[in-house]
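# Remarks on the overall topology
Each chain, written out:
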Amino acid sequence: MTSTGFRRTFAALSVCSLALAASACGSGDDGSSGGKTRITVNCEPPKSAKVDRGFFEQDVAAFEKKHPDIDVVAHDAFPCQDPKTFDAKLAGGQMEDVFYTYFTDAGHVVDIHQAADLTPYVKELKSYPTIQKQLRDIYTVDGRIYGIPRTGYSMGLIYNRKLFQKAGLDPDRPPTTWEEVRADAKKIAALGGGTVGYADYSAQNQGGWHFTAELYSQGGDVVSADGKQATIDTPEGHAVLQNLHDMRWTDDSMGSKQLLVINDVQQMMGSGKLGMYLSAPDNIPILVKEKGGDYKDLALAPMPGGKGTLIGGDGYMFNKHDTPAQIRAGLKWLDHMFLTPGKGFLGDYARAKKANAPVGLPEPRLFTGAADATDQQVKKANANVPVENYQAFLDGNQSLEMKIEPPDAQQIYSVLDGAVSAVLTKKDADIDQLLKDASGKIDGILARN
């Protein structure tokens, strides 16, 4: 999953139009056009996202002016990658030369031999050493580099400062353990008037996604290190479901409406009726712009539990048919668009502020060292949101283990949805049996794949 659920604040279609298919969609030629190296790229914001679309077009134009020997053909639509058509595009030779992927796609694309090996060329990507190693490693398979990270996120706890104050809680001291989450949720729910202390997803694979994040926070894992066996039928897995069951049925702090998905929970938080839920920083502008929330009331804490948190994100991989010239051109394009601190489509904070886009959220945090310092300095100088509300998240993340989603994530999440929804809708749910059944199903998924 991605942090916003499904998933970006902007994205692009994954099926090329008929008008482009013959000349720009796939990588069936040598990438040359009129003496230029032509590359097709995806994840251009759709026309409906006017501000983001305008920024993207400005940056592509600036890149082509700087590199007159490169022609960039961008494809837009929604979403950036559709899992239902992704493999078909790869197999059918219709994938762009430089194509968007989720972190969880990297190993699969390499396994089916559809990715270009970037190892001989990465030395030409000047920003590559500045990217966080744990993100670079996601696109590294057997010592070879097959992709470049673009953004990363980690899960935390979004909470409503106003409700904390009304419930007699200190908004500057958010809960750091699941016991504290439970206690605080109970006090917030006691405010009445339809107020819910804590909410969680339990449908459309999103319940399984959050189960995974909560399991990581307890120090557990969904699958074994070799990826062959489920590891959810454990004390840590039991603790996740027991905590949800007890908040729902013993404390009555999760409300009576269940089988929620991300939009439901965001609506509750934006309307001021929800105390806490798990998410990443990119939910905050959605809560304000689309759900009626206020930046001053929304804060972010690290993942409760203190042991780990789920990370995700995206990046770009290169078509196996790309020529060396196209790979070099694509790397230059990524450097220009996304990987120069304080500049480009994601990093031009002054431009974003002028367009009234939120600046100052604690993520994505892609870089390290001097590059990170530069990026953060420019971000701070242009901040237009209450950055102090996110300091606990930044501080707490330093001690957490950052863990990527499990293999075969969507199939596994579908199984775990059943366990999460059961404890939230059935007071007498048998947690031991739910974990045993889910574990068997996950073992089957791993064996087949």
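As a starting point, this report considers the structure included with it. (Residues numbered from 1 in each chain as written. Predicted model: local features only at pLDDT ≥ 70, side-chain atom pairs only at ≥ 80, totals over all residues. Heavy atoms only, no water.)

## Some points on the overall build of the protein chain
Counting its secondary structure elements, the protein chain contains 18 helices and 13 strands. Taken over C-alpha atoms, the radius of gyration comes to 22 Å for the protein chain, in line with the 22 Å a tight globule of 449 residues would show. Each of the three principal axes of the protein chain carries a C-alpha extent, and together these read 70 × 50 × 40 Å. Sorting the 449 residues of the protein chain into buried and exposed places 57% on the buried side. For the protein chain, contacts bridging at least 24 residues in sequence account for 78% of all contacts bridging at least 6. Positive and negative side-chain charges in the protein chain, numbering 48 and 57 respectively, have mean positions lying 5 Å apart. (Helix = DSSP H or I, 4+ residues; strand = E, 2+ residues; numbered from the N terminus. Rg over C-alpha atoms; globule rule 2.2 N^0.38 Å. Buried < 20%, exposed > 50% of the residue type's maximum accessible area, 1.4 Å probe, protein only. Contact = heavy atoms within 4.5 Å. Lys, Arg positive; Asp, Glu negative; His and termini not counted. Charge placed at Lys NZ, Arg CZ, Asp CG, Glu CD.)

## Focus: the state of the cysteines
According to the stated counting rule, one finds one disulfide in the structure shown. Shown here is the disulfide that connects Cys43 with Cys80, its sulfur atoms set 2.0 Å apart. Disulfide Cys43 to Cys80: torsion about the S-S bond roughly 55 degrees, handedness right-handed. Remark: Cys80 occurs in the loop between β3 (70-76) and α3 (83-91) and Cys43 occurs in strand β2 (residues 36-44); sequence separation between them is 37 residues. Among the residues examined, Cys43 registers a relative accessible area of 1% and is labelled buried. Residue classification places Cys80 among the buried residues on the basis of a relative accessible area of 3%. (Disulfide = S-S within 2.5 Å.)

## Thoughts on unusual backbone geometry
Note: most peptide bonds trans; most residues except glycine with negative phi. Going from Glu363 to Pro364, the amide bond is cis rather than trans, its omega being 5 degrees. Note on placement: Pro364 falls in the loop between α14 (349-354) and α15 (369-381). The phi dihedral of Cys43 is positive, around 75 degrees, even though this residue is not glycine. Positive phi, close to 55 degrees, is recorded for Gln204, a residue that is not glycine. Looking at the element boundaries, Gln204 is found in the loop between β9 (196-198) and α8 (206-217).

## Details of the nonpolar core
Counting residues in hydrophobic clusters, the biggest one holds 72 residues, and the most contacted among them are Tyr198, Phe211, Ile232, Leu244, Met276 and Ile442. For this core, the element with the highest residue contribution is helix α17 (residues 409-425), accounting for nine residues. If near-sequence neighbours (up to four positions away) are discounted, Phe211 is found in contact with Ile232, Gly237, Val240, Leu241, Leu416, Val420 and Leu435. By size, the runner-up hydrophobic cluster in this structure holds 51 residues, among which are Ala116, Tyr316, Ala329 and Phe338. (Core = buried A, V, L, I, M, F, W, Y, C linked by side-chain atoms within 4.5 Å.)

## Here we look at the pairing of strand β7 (residues 147-154)
Counted residue by residue, β7 has eight buried out of eight residues, so it is predominantly covered. For β7 and strand β12 (residues 308-318), the ladder comprises seven bridges, and the chain directions are antiparallel. Bridge pairing links Gly152 to Gly313 in β12. (Pairing = 2+ DSSP bridges.)

## Some words on helix α2 (residues 50-66)
When the terminal C-alpha atoms of α2 are compared, their 24 Å separation across 17 residues agrees well with the 24 Å that a helix rising 1.5 Å per residue should span. Within α2, burial applies to Asp52, Arg53, Gly54, Phe55, Phe56, Asp59, Val60 and Phe63. Against β2, β3, α12 (324-337), α13 (344-347) and α14 lie the buried residues of α2. (Expected span 1.5 Å × (residues − 1).)

## Focus on the pattern of salt bridges
By the definition in use, this model includes 17 salt bridges. The partner of Lys89 in a salt bridge is Glu96, and the shortest N-O contact between them spans 3.1 Å. The pair Lys89 / Glu96 is uniform in exposure class, with both members buried. The shortest N-O distance in the salt bridge between Lys133 and Asp137 comes to 2.8 Å. Residue classification places Asp137 among the partly exposed residues on the basis of a relative accessible area of 37%. (Salt bridge = Lys/Arg side-chain N within 4 Å of Asp/Glu carboxyl O.)

## Brief notes about the environment of Leu424
Looking at where Leu424 falls in the secondary structure, it is placed in helix α17. Spatially, the C-alpha atoms of Leu424 and Met247 are 9.1 Å apart, while their sequence positions differ by 177 residues. Excluding residues within four positions of it along the chain, Leu424 makes contact with Ser202, Leu244, Arg248, Trp249, Met254 and Gln258.

## Considerations on the packing of aromatic side chains
One pass over the structure, following the stated rule, counts 13 aromatic pairs. Where Tyr100 meets Tyr316, the ring centres are 6.3 Å apart and the plane angle is 85 degrees; that geometry is what we call edge-to-face. Within this pair, whereas Tyr100 is found in strand β4 (residues 98-102), its partner Tyr316 is found in strand β12, the two being separated by 216 residues in sequence. As far as the burial class goes, Tyr100 and Tyr316 line up, both buried. Taken together, the ring pairs connect Phe56, Tyr100, Tyr102, Tyr316, Trp333, Phe338 and Phe345 into an aromatic cluster. Across from the ring centre of Trp249, 3.9 Å away, lies the NZ or CZ of Arg248, which sits over that ring. (Phe/Tyr/Trp six-rings, centres within 6.5 Å; stacked < 30°, edge-to-face > 60°. Lys NZ or Arg CZ within 6 Å of the ring centre and 35° of its normal.)

## Description of the pairing of β2
In terms of burial, β2 is largely enclosed, as eight of its nine residues are buried. The pairing of β2 with β3 spans six bridges and is classified as parallel. What sits directly across from Thr37, in β3, is Ile70. The β-α-β motif built from β2, the intervening α2 and the parallel element β3 has right-handed crossover chirality. (Right-handed = clockwise from strand over helix to strand, strands pointing away.)

## Observations regarding the sheet that holds strand β10 (residues 274-279)
Spatially, four strands are ordered β9-β10-β8-β11 in an open sheet, and the strand pairing comes out mixed. Here the strands that pair on one side only, and so sit at the sheet edges, are β9 and β11 (298-302). Geometrically, the sheet is characterised by an average inter-axis angle of 25 degrees between neighbouring strands, direction not taken into account. Helix α7 (residues 178-189) rests against β8 (156-160), β9 and β10 of the sheet, and its axis sits at about 175 degrees to β9. (Axes fitted to C-alpha atoms, helices over the stretch in contact; angles between N-to-C directions.)

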